[in-house]
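Understanding the architecture of this molecule
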Amino acid sequence: MTLPPIIRDKNWLAYQRKQKCIVPSCERTECEAAHIRYGLGGGMAIKPSDARTVSLCWNHHQEMDRWAGGVADWWMRNIAIKTAEMKYQLWKGGLADLP
């Protein structure tokens, strides 16, 4: 499997940290830019591209990382969003007011 290039973008990470947590039932606005490792075929030691980040509050970020069923199961149970990569491409195209 060929992986897309690794992107490092401090502006994108800063933007993610200013957004509301993407968990639909959460209203927290102090967030972290959570890197999504699911689907990369790598391990925890491989930091994904910054394009593969979403806004999660500290509680949900910890919950996702520790979920017994794995990250994919946590996403299926908690989140219904566009992929992180698509969100990043929209942001880079100037659509910074994403829901």
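First things first, this report covers the structure right here in the doc. Remember, it's a predicted structure, so these values are computed and weren't measured experimentally.

**Considerations on the pairing of strand 2 (residues 53-57)**
Burial analysis of strand 2 places five of its five residues in the buried class, which makes it a mostly covered element. Side chains of strand 2 alternate between two faces, with Thr53, Ser55 and Cys57 and Val54 and Leu56 buried alike. Pairing of strand 1 (residues 31-35) with strand 2, which is carried by five bridges, proceeds in the antiparallel orientation. Following the sheet pairing, Ala34 is matched in strand 2 by Val54.

**Digging into helix 1 (residues 10-17)**
Trp12, Leu13, Tyr15 and Gln16 are the residues of helix 1 that are buried. Summarising the axial view, the buried residues of helix 1 lie within an arc of 160°, below the 170-degree limit, and thus occupy one face. Every exposed residue of helix 1 that faces more than 90 degrees away from the buried side is listed here: Lys10 and Asn11. Sitting at the head of helix 1, Asp9 places a side-chain oxygen 3.1 Å from the backbone nitrogen of Asn11.

**Some details on the pattern of salt bridges**
Scanning all chains against the criterion turns up one salt bridge. Between Asp50 and Arg8 there is a salt bridge whose closest N-O contact spans 3.3 Å. Of this pair, Asp50 sits in the loop between strand 1 and strand 2 while Arg8 is found in the segment before helix 1, placing the two residues 42 residues apart along the sequence. Taking the relative accessible area as the measure of exposure, Asp50 reaches 3% and is therefore buried. Given the relative accessible area of 45%, Arg8 is considered partly exposed.

**Digging into the nonpolar core**
The biggest cluster of nonpolar side chains holds 14 residues, and the ones touching the most others in it are Cys21, Val23, Val54, Leu56, Met64, Trp74 and Trp75. Elements with a minimum of two residues in this core: strand 1, strand 2 and helix 3 (71-78). When residues of this core are assigned to their parent elements, the largest contribution, three residues, is made by strand 2.

**A word on the side chain of His61**
With respect to the helices, strands and loops of the structure, His61 is situated in helix 2 (residues 58-66). Among the polar contacts listed, one links the side chain of His61 to the side chain of Glu32, at a separation of 2.4 Å.

**Here we look at the packing of helix 2 against helix 3**
Where helix 2 meets helix 3, the closest approach of the two axes is 7 Å, and the angle between their N-to-C directions is 130°. Relative to helix 3, the element helix 2 is oriented oblique. Contacts from His60, Glu63 and Met64 of helix 2 reach helix 3 at Val71, Trp74, Trp75 and Asn78. Residue composition of the contact of helix 2 with helix 3, by class: four nonpolar, two polar and one charged.

Definitions and limits used
Residues numbered from 1 in each chain as written. Predicted model: local features only at pLDDT ≥ 70, side-chain atom pairs only at ≥ 80, totals over all residues. Heavy atoms only, no water. Buried < 20%, exposed > 50% of the residue type's maximum accessible area, 1.4 Å probe, protein only. Helix = DSSP H or I, 4+ residues; strand = E, 2+ residues; numbered from the N terminus. Pairing = 2+ DSSP bridges. Arc of directions from axis to C-beta. Polar contact = N/O pair within 3.5 Å; in protein donor to acceptor, adjacent residues only side chain to side chain. Salt bridge = Lys/Arg side-chain N within 4 Å of Asp/Glu carboxyl O. Core = buried A, V, L, I, M, F, W, Y, C linked by side-chain atoms within 4.5 Å. Axes fitted to C-alpha atoms, helices over the stretch in contact; angles between N-to-C directions. Parallel < 35°, antiparallel > 145°, perpendicular 65-115°, else oblique. Contact = heavy atoms within 4.5 Å. Nonpolar A, V, L, I, M, F, W, Y, C, P; charged D, E, K, R; others polar.

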